[in-house]
Amino acid sequence: MTRVFSHYKRFAVCALVLGFLLGEVIPALADGPLIPGYTIRDGQRVPAPAGYILSGEIAGEGQPCGPFKNPQDLFLDPATGNLLVADTGNNRIVVLDSKGQYLFEIGQEAGLKGPQGVYVDVDGNIWVADTENERVVEFTPEGALKAEYHKPVSDLLDEYGFRPTKIVLDKRGFIYTVVGSEGNLGIMVMDTNERFRGFFGRTKVKFNLGRVLARFFASKAQRRRMLRVRPAPMGNIHIDDLGFIYAVSPVLTRDQIQRLNSVGENVYGEIGLRTGAGRLWDKLKGKEGLLFGEEEIKWRWDGTREISVPYTMGSMFVDVAVDDLGIVSALDQQRNRIYQYDQAGNLLVIFGGEGLREGAFSLPVSIVAGKSEYLYILDAGRGNIQVFRPTRITRLIHEASHRYFNGEYDEAVKLWEEISHHNTNFALAHSGLGKALMRQERFLEAMREYRYAEDKGGYSAAFREYRYVWLRHHFNWLGLGALTLLVGSAAAMHRLGDGLRWLLRRLRELRERSDLRAVPVLLFLALLVRMLGLSLLSFHFQTQRPEEIKLLFEAGKVLIPWVTWCISAVAVAEIFYGEGTFRNIVISSAWDLWPYIVLTLPLSLMTNAITLDEKVFYQAGGYLMWGLLIWQFFNQVRTLHNFSTGRAIAVMVLTLIGMLIIWVLLGLVYALTSEVVRFIQQVALEIYVRQY
Amino acid sequence: MCDSTDTAHVGELVMKQRNTALLLNLFVLLVMLSSCQKMGSLEPPQETRPRINPRIELPSPLETWPSLEGRHPDVSKEYEPIAESPSLRLYLRKETSGLIVEDRRNGRLWHSTPPDLKEVKLSQAWRRRIESPIILNYTDADRGRANVARPEGMQIEYTPVAGGVRAHYRFAEEGFELSVYYVLRDDFLELTIPENEVVEYSAETQNTLVSVDVLAFLGATHDGEDGYIVFPDGSGAIMNFTSPHQEAVQEISVPVYGLEQMQFQRSGYTYQSSIPMPLFGLVSGNAAFAAIITQGDFDARIGVGRSGKSIPYNHIWVTFVYRRQGSFSLTGGQPAWLYEPTMVGGDRQVRYYFLTAEDASYTGIAARYRRFLLEERGARRIAADAPLATLSFFMGVERRTWFMRELIKTTSFADVQKIVAELESAGVRRVDFTLYGWNEGGANSRYPQRLPVEKRLGGEDGLHALAGYLHSRSIRLFLADNYILALPRGRGIFPYADAMRGVDGLPVGEGGTYFINPQVALRRFAVRDIPKIARLEVDGLWLEYFASLALPDTNDRYPLSRENFAASWMQLATLAREQLGAVAMHGDNSYAVPYADRLDYVQLDSTHYDLFDETIPLYQIAVHGLVLYSGQPYNLMNDGQRTFLRQIEYGAIPNFLLTQESSALLTRTSANWLWSSQYDFWRPEIIRQYQAMEKLSHVIGQFIVAHSRLAHNVYQTTYEDGTRVVVNYNEQPFTLGALTVPALDFVVLQGGE
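Residues numbered from 1 in each chain as written. Chains lettered and ligands numbered in written order. Predicted model: local features only at pLDDT ≥ 70, side-chain atom pairs only at ≥ 80, totals over all residues. Heavy atoms only, no water.

1. Brief notes about the packing of aromatic side chains
Taken as a whole and judged by the stated rule, the model has 46 aromatic pairs over all chains. Here Tyr246 of chain A and Tyr268 of chain A contribute two aromatic rings whose centre-to-centre distance is 6.5 Å and whose plane-to-plane angle is 75°, an arrangement assigned as edge-to-face. Highlighted residues: Tyr246 of chain A in strand S17 (residues 245-248) and Tyr268 of chain A in the loop between strand S18 (257-260) and helix H3 (280-285), separated in sequence by 22 residues. Side by side, Tyr246 of chain A and Tyr268 of chain A carry an identical accessibility label, which is buried. Ring geometry for Tyr138 of chain B and Phe176 of chain B: centres 5.8 Å apart, planes at 50°, overall tilted. Separated by 38 residues along the polypeptide, Tyr138 of chain B in strand S5 (residues 134-139) and Phe176 of chain B in strand S9 (residues 176-185) bring together distant segments of the chain. The class of Tyr138 of chain B is buried, set by a relative accessible area of 12%. Through successive ring pairs, a cluster of aromatic residues spans Trp110, Phe280, Phe289, Tyr352 and Phe354 of chain B. The ring centre of Phe244 of chain A lies 5.4 Å from the NZ or CZ of Arg259 of chain A, which sits over that ring. The ring of Tyr322 of chain B carries the charged tip of Arg348 of chain B above its face, separated from the ring centre by 4.2 Å. (Phe/Tyr/Trp six-rings, centres within 6.5 Å; stacked < 30°, edge-to-face > 60°. Helix = DSSP H or I, 4+ residues; strand = E, 2+ residues; numbered from the N terminus. Buried < 20%, exposed > 50% of the residue type's maximum accessible area, 1.4 Å probe, protein only. Lys NZ or Arg CZ within 6 Å of the ring centre and 35° of its normal.)

Here it is as structure tokens:
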């Protein structure tokens, strides 16, 4: 069902937290609308309460400076609260006070040309990246020209231009500029003596298997034509009190937001959160690293099935703002939204949108964080700065995050608890609560919270503790039970053994009878065991949610390899003059599934008793099962066709290759026929509509 | 002698007789059964293309022009007086069919063409367009773009009629003819375009009519003058003529009553309010007009233009739509937007009511619409003891795994009963209750099958017990119902025959879910199911989307225009109301006001377009007292006290959507939009809001007679008996004389204080 969300605009700040009142520059703008919010969960958009609400607007119109023209950068001076706008199209820097009232401007006398960056250092001096003039200019706090700096002289820089677009200074007084030029470099560092100090935080070129293969197979002429892969250019940069430089890259698809330490290494995000850390497949595809923002959206999950949506592009970050609590807010120009992350890179809030209405953006270019968690966003398309105030739940989230990272776990618990009541979809609240409950040794409750957060690692850790407690608690009964079992089985060993032997004999007889009717029964058993096995997996071992398991799909996973094996086996065996018939192969293949049928369920049940640390047992079981399966099929090949061992191995390998070939052919046929079907469908539709 | 063959024959004969008897019995039984079913179901109304608006009456033609003596001194000589009423006088300029309306009560003149047009710098084409009261848009053979018919090529024939003139326009070059009646009635100007006088010569010219802009520049004003434009965006919005704005011309045009077509490919999470009523207006100094679209409001758009570089006028007008664009997405790529081949029929009529003195404000404009609803659309006043809050319960939703359909149960009938008892002991008594997801399968069940009642929640017995309990306390119980969706597992529906069809002729729906044609919903499902629901002894139905959607349907068997669509649903609502007693709806379209006992999810805000300066409760002033209404569920808003204050200021009752269990259970279901709903967590807030409403219980059925801004973020709403509610959204207390309103709070002042 499409639900049309229309929301309110008024919002109450929690009485304890003082709001930062914005004076009226543009007449009587009441608070802006509360645009419906969402968060990301498993790569899917999930409804959530809105994060920020428009609190006011600041524009050049109606003020002595006149309207802004294509402004490119915004800076908030923490000492005075002043806002500085790099009014690029008008070749000047406009200085406004904290309420947005015009103070003064810089530019005409100094002859600024297309300045795209502005910064104020600890002494109050105003630094301007005078882009078109290829220099950096320093002004006094009152706006008088103080010094200018050109491209550092260095052999290393001979091939590169110097068009500084963004600028920050560190505590040592070193100048960091983002240089845009043909040879895009990232961040260049120089000092006040125009000495070159090196490049900073260059983004690595990621390994991409596709590219490597393409290069490998390309001819020399083609290789010359291929695009040279360069390190991705940087967008805006921001320096915090501790000296970390936050940089965003509009081009990267992973690790778009980086926190660079003094030697230029990216230290943003816990290693555990990084998707693809260590996963070979992701490394090969070049998808290693933290994903910020959203990827291209092609479909969405509405809780019961996938629905296609119009294609939406991925995120493109152009600026980042960091507030006193360490909350990182990144501005996505493609999506016209702000994505907010905590100190560890967890997604907190998303807000914004495109449009010509309050609270939406046309071409956002810069973001800064002000006092009381306010955010200021400069929109070049609309020529104004919109000021946003966090909603109450967002303030709670910030505070909880801050306390947690400061180690105040008990206070964090209370906050996470309240937040989780306000938004049960917010995974972070649940896993935060889970962590805190763990520390309080309330393991069962922690498991439940981790379950809500779908945090498998956390769940496993909580389960481990809970298991220990449970075992200790029930040790008497368990011990008694185990003892009785031992004694009982020892006593009944004889009977058991007999029973087992009788069963095995019966089965062997059945198999000997070579009855074709056994095949569907065994296949059905295999399928049943697979589905049950998937359903009985414990939460922390699941790879899909129970509602995502599709019967047809899983059946295919069992039946398709089996069927293609049979076909391939008989074909290859024929070539090698095997003695077995198709009938025999089919029957034998069905019976050879017994390791799968017998071992799957116990393995699944086992996952309910072990933790992720003990995954190795589960994996060992899996290997055992596969080993037995391979051994069974190998035996089948050898005995059915009466091959020697060596031959049998060769035939088996060739059968597997044959299976692959069949799959490729099937895939091809499917693709082609589905294209034909689609074509016919569309022609029919065109005819139907045309005659309408 | 009987031998074996004879016995066999006899045997056969006996068999045959037995068979026939059996067949006869079966036949009788079938007849009885089918008549039984007929006895149980209701008679649907005869009309398959019902309408909301009554038929128009055109004035009769006169022999000669009336001779009128009176004339306002400021009316230029090109204009002749042609009609008169006690309050107004109408002047016509025969050359261009331009009009002037003189308000005799205060001597104000309203020009259809701004009087200073000659002094303004404009291109000739624009000048000519502004001089003409109608602007015709058409499209040619490729049906892709709309062009404007040149007013220069217009030929006009006038016929005097009672109260005004009939102007017959002929566009020879483009091939169109239409008649417009400009008629004065007591205090309004009525403009009518009858359907049967619109002619398009598309066979010869290949041109087809797209839309007609009417009186686009009536009352057009320059920047800097005193006054504002009133636009019904969401709850309402105002554009002041004095506020600074960018020079680039800004214009918007928004359809009335929400979506004109179903769009499934919404990227979601964008914010846009809809226009809930066919009312707009302009206030200029101490005079104003309120325009009400009385016919063809379902096929109209309201446009606003801001003064800018090319045209220095602020103006607001209605566009009557005769053809819509349909998206024909065939090749899987970009859809082609083409105008539909068939014209949207129907008469078109808009009335301009002229207001003076205290009525010349947005409150007066809204009050005029309220009077219109009462006098001409069958609205009635609500009882003074109406409920003070509405609480809904989300009962459950199904989640399928490969082997079972698990019901995620969040509230059972017994739970509801416990909650009601608990709230009552806390003093919360005058409340409406609604159950959502009560049917088998929960919220995403098997529509259009809506029965039986879900056993896992308590079954029919549980529902009976709950209904009985609520009746003993005089509390109304509504069941949420959905007559628009046919879900993949629904039975009794054939998509290609019964589903709604869009402008492109394809069934509207996605992934096995379809929208049902309203007549099919009425004749096949409502008449069958409403009697069964009546046996459950509930007090009413809560009908999803009924007041928020009106879509055109090109279904073969029951083709419907937007008005037919809405009226069909109102037929269904009337049926439910007769059988059960009450009906509540989701949405706020004003045509539903006479048919509903309560409207939920009413918009309490506007879109906040850049164009406008303030949001006002235009809609709420118009309907308060005619219907009970609430906004969105408070627990899904999360902006705290300000939402509550907005509810108070706008006269909406609190609305909560609750569950017994935590909504964390719903995260992995299709109901994950419910992100906070647990009753235990929200109980203190419910009680607090109810107690606040008790202070206002005496005004629940009254009209709002005044609304104004006392200071920045401080607003006052005045009711009929003089009660004033002052709301302060600031973080500091507000003081005015003896009145003090604490920060983020409100006060209620009795009349005379």
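2. Re the confidence of the model for chain B
Looking at chain B, pLDDT values average 88 and 93% of them are 70 or higher. Among the scores for the predicted complex, ipTM is 0.84 and pTM is 0.86. (pLDDT = per-residue confidence, 0-100.)

3. Structural notes on the sheet that holds strand S39 (residues 724-728) of chain B
All names here are of chain B. If you trace the four strands from one edge of the open sheet to the other, you get S37-S38-S39-S42, paired in antiparallel fashion. Each end of this open sheet is capped by a strand with a single partner; those strands are strand S37 (704-711) and strand S42 (745-749). Across the sheet, the axes of successive neighbouring strands diverge by a mean angle of 15°, strand direction being ignored. Across six bridges, S37 lies against strand S38 (residues 714-719) in antiparallel orientation. Residue Ala706 lies in a different strand from S38, and its bridge partner there is Thr718. (Pairing = 2+ DSSP bridges. Axes fitted to C-alpha atoms, helices over the stretch in contact; angles between N-to-C directions.)

4. Structural notes on unusual backbone geometry
Residue Pro448 of chain B is bonded to the preceding Tyr447 of chain B through a cis peptide linkage, with omega at 10°. Within the fold, Pro448 of chain B resides in the loop between strand S26 (431-436) and helix H6 (459-472). For the peptide bond that leads from Leu451 of chain B to Pro452 of chain B, omega is 10°, which places it in the cis range. Of note, Pro452 of chain B is situated in the loop between S26 and H6. At Asn70 of chain A, a position not held by glycine, the phi torsion is positive, near 50°. Take Asn70 of chain A: it is sitting in the loop between strand S3 (52-59) and strand S4 (73-76). The backbone of Glu441 of chain A shows a phi angle near 65°, a positive value even though the residue is not glycine. One can find Glu441 of chain A in the loop between helix H6 (427-439) and helix H7 (443-453). On the basis of relative accessibility, which here comes to 60%, the residue Glu441 of chain A falls in the exposed class.

5. Some points on the pattern of salt bridges
Per the stated rule, a full pass over the model turns up 77 salt bridges over all chains. With a closest N to O distance of 2.9 Å, Glu554 of chain A and Arg530 of chain A form a salt bridge. Residue Glu554 of chain A is located in helix H11 (residues 551-575), and its partner Arg530 of chain A is located in helix H10 (residues 518-536); the two are separated by 24 residues in the primary sequence. Assigned by exposure class, Glu554 of chain A and Arg530 of chain A land together as buried. Salt-bridge contacts for Arg381 of chain B lead to Glu720 of chain B; the nearest nitrogen and oxygen are separated by 2.6 Å. (Salt bridge = Lys/Arg side-chain N within 4 Å of Asp/Glu carboxyl O.)

6. Focus on H10 of chain A
Between its first and last C-alpha, H10 of chain A extends 26 Å over 19 residues, near the 27 Å set by a 1.5 Å rise per residue. Against the buried residues of H10 of chain A lie H11, helix H12 (582-591) and helix H13 (594-607) of chain A. (Expected span 1.5 Å × (residues − 1). Contact = heavy atoms within 4.5 Å.)

7. Observations regarding the environment of Asn655 of chain B
All names here are of chain B. Along the chain, Asn655 turns up in strand S36 (residues 655-658). Placed 55 residues apart in sequence, Asn655 and Asp600 show a C-alpha to C-alpha distance of 7.9 Å. If sequence neighbours within four positions are ignored, Asn655 has contacts with Thr390, Ser392, Asp600, Tyr601, Ser630, Gly631, Gln632, Pro633 and Tyr634. For Asn655, the side chain forms a polar contact with the side chain of Ser630, separated by 3.3 Å. (Polar contact = N/O pair within 3.5 Å; in protein donor to acceptor, adjacent residues only side chain to side chain.)

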